[in-house]
Amino acid sequence: MKGIVRLLAVVAALALMTLLMFRLPSEDAIRFAGYAGTAAFAGLMGLLFRWCASRAKRNNKRV
């Protein structure tokens, strides 16, 4: 359930970034889209690190 919420947050950040790029003047759009892109990237990296850690933990239990 937590993974789905995190994934939805990343998708929302990407949608916000896209919306801001089309609606705001160029300088503001670039700044806010950069913030949203950074948030989306951080969310994806967090998901990746947690997935790798849980996978490694499962593999260590088998041995």
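Preceding block: the structure.
The rules behind each value
- Residues numbered from 1 in each chain as written.
- Predicted model: local features only at pLDDT ≥ 70, side-chain atom pairs only at ≥ 80, totals over all residues.
- Heavy atoms only, no water.
- Helix = DSSP H or I, 4+ residues; strand = E, 2+ residues; numbered from the N terminus.
- Buried < 20%, exposed > 50% of the residue type's maximum accessible area, 1.4 Å probe, protein only.
- Areas by Shrake-Rupley, 256 points an atom, 1.4 Å probe, with all protein chains shown as cover.
- Patch = residues over 30% accessible without salt bridge, like charges linked within 9 Å, V, L, I, M, F, W, Y side chains within 5 Å.
- Salt bridge = Lys/Arg side-chain N within 4 Å of Asp/Glu carboxyl O.

Visitor: What should I look at first to understand the overall build of the chain in this one?
Guide: Looking only at helices and strands, the chain has 2 helices and 0 strands in total. Projected onto its principal axes, the C-alpha positions of the chain cover 55 × 20 × 10 Å. In the chain, which comprises 63 residues, the proportion classed as buried is 11%. Element-wise, carbon and sulfur atoms account for 70% of the exposed surface of the chain, whose accessible area totals about 5,300 Å².

Visitor: What's the story with a nonpolar patch on the surface in this structure? I'm lost.
Guide: Together, Leu-48, Phe-49 and Trp-51 give the surface a local cluster of nonpolar side chains, amounting to about 340 Å² of exposed area. Tracing the chain through its elements places Trp-51 in helix α2 (residues 26-62). A relative accessible area of 46% means that Trp-51 is categorised as partly exposed.

Visitor: So what exactly am I meant to see when it comes to the environment of Gly-43 here?
Guide: By the secondary structure assignment, Gly-43 is in helix α2. Residue classification places Gly-43 among the partly exposed positions, given a relative accessible area of 25%. Distance from Gly-43 to Ala-33, taken between C-alpha atoms, is 15 Å for residues 10 residues apart in sequence.

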